[in-house]
Amino acid sequence: ALPYKKIMFFSLSVIVLIAFVSPVRPWLIQYTLDQAVLIPDKKILLSLTLIILGVIVVETALLFAEEYYTGLLGQLVVRDLRIKLFTHLTRFRIKFFDTTPVGTLVTRTVSDIEIIADVFTDGFLIIGGDMLQIIMIVSWMFFMNWELTLISLSSIPMLLIATSIFKNAIKSAFQ
C-alpha cells in the first residue's frame, strides 16, 4: 500500500472523523428531547432537527468516503499484486506448470489475492476505525453518566463468555 499512502492517510482521516462524529447524533437527539420536546418549543425543535439532519448528512458522506476510498485502496493494491504475480509466473519454465496442480495456481492467483483485498477494504482500517469509535462512544458515555455506563457495560463479561463458548462449538463443528 506504500505507493498509495495519500489514499490510505485520507481513509484513516475519514475513519477518525467518523469516530468523532458518530457520538454527536445520539447526544443531539437527547438534547432535543430535553430542550424542545419536554418543554415544547417549536423554534428550538426545528433548529435542532435541522442540525441533526445536517449531522446525518455529514456522517453519511463520511461513511461513503470511507467505503469508497478503502475499496479503491484495496483494488489498487490487488491490481499491483496481480501484475507482479503475472510477471513472476511468466518467468517460470514450462516444467513448473506441468508439475504444479492448476488448482494451486488458481488459488494463489485469485483467492489469496482477494483475501488481501479484503484486508484493505474490510480489514485493519475498518477494524481500527470501529475500535476508535467504540472508545469514543464509551468515553462519551462515561462523561455523561459513569454509573449508568458501568451498569450498561456490566453485560460484557457474559457476552465474552457466550462468544467463547460459541466460538469453540463452531471451531469443532468446522473441523
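Residues numbered from 1 in each chain as written. Predicted model: local features only at pLDDT ≥ 70, side-chain atom pairs only at ≥ 80, totals over all residues. Heavy atoms only, no water.

Engineer: Lay out the overall build of the protein chain in plain terms, naming residues and giving numbers.
Structural biologist: The helix and strand tally for the protein chain stands at eight helices and zero strands. Reading the protein chain from its N end, one meets helices and strands in the order α-α-α-α-α-α-α-α. The C-alpha atoms of the protein chain give 24 Å as radius of gyration, which overshoots the globular expectation for 175 residues (16 Å, by more than 25%). Overall, the protein chain is about 80 × 40 × 20 Å in size when its C-alpha atoms are taken along their principal axes. The buried share among the 175 residues of the protein chain stands at 22%. Taking as baseline every contact in the protein chain between residues at least 6 positions apart, the subset at least 24 positions apart corresponds to 76%. (Helix = DSSP H or I, 4+ residues; strand = E, 2+ residues; numbered from the N terminus. Rg over C-alpha atoms; globule rule 2.2 N^0.38 Å. Buried < 20%, exposed > 50% of the residue type's maximum accessible area, 1.4 Å probe, protein only. Contact = heavy atoms within 4.5 Å.)

Engineer: So what about the packing of aromatic side chains? Which residues, and what values?
Structural biologist: Counted under the stated rule, the structure contains seven aromatic pairs. Their ring planes at 20° and their centres at 6.2 Å tell us that F64 and Y68 sit as a pair that is stacked. You can see F64 and its partner Y68 sitting in helix α3 (residues 42-89), four residues apart, about one turn around the helix. Looking at F64, the relative accessible area reads 58%, which means it is exposed. Arranged with centres 5.0 Å apart and planes meeting at 90°, the rings of Y68 and Y69 form a pair that is edge-to-face. On the accessibility criterion, Y68 (45% relative accessible area) is partly exposed. For Y69, a relative accessible area of 28% corresponds to the partly exposed category. Through pairs of rings, three or more aromatic residues link up here, namely F10, F64, Y68 and Y69. (Phe/Tyr/Trp six-rings, centres within 6.5 Å; stacked < 30°, edge-to-face > 60°.)

Engineer: Can you tell me about the packing of helix α1 (residues 5-21) against α3, naming the residues and giving the values?
Structural biologist: Across the interface, α1 lies against α3 with an axial gap of 9 Å and an inter-helix angle of 150°. Taken as axis vectors, α1 and α3 run roughly antiparallel relative to one another. In this structure, α1 crosses over α3, and the sense of that crossing is left-handed. Two secondary-structure elements touch here, α1 through I7, M8, F10, S11, V14, I15, L17, I18 and V21 and α3 through V55, E59, L62, L63, A65, E66, Y69, T70, L72, L73 and L76. Residue classes in the contact of α1 with α3 are distributed as 16 nonpolar, two polar and two charged. (Axes fitted to C-alpha atoms, helices over the stretch in contact; angles between N-to-C directions. Parallel < 35°, antiparallel > 145°, perpendicular 65-115°, else oblique. Left-handed = near helix turned anticlockwise from the far one by under 90°. Nonpolar A, V, L, I, M, F, W, Y, C, P; charged D, E, K, R; others polar.)

Engineer: Go over the side chain of T32, please, and point to the residues and values.
Structural biologist: In this fold, T32 is placed in helix α2 (residues 24-37). Look at T32 and you get buried, because its relative accessible area is 7%. In contact with T32, not counting residues within four places along its chain, are V37, L45, L48 and I52.

Engineer: So what about helix α6 (residues 124-144)? Which residues, and what values?
Structural biologist: Over its 21 residues, α6 runs 30 Å from end to end, which matches the ideal 30 Å to within 8%, given 1.5 Å per residue. Among the residues making up α6, those that are buried are L125, I126 and G129. Each buried residue of α6 lies within a common arc of 90° when the element is viewed along its axis, so the set occupies one face. Contacts from the buried residues of α6 go to α1, α3 and α5 (102-122). (Expected span 1.5 Å × (residues − 1). Arc of directions from axis to C-beta.)

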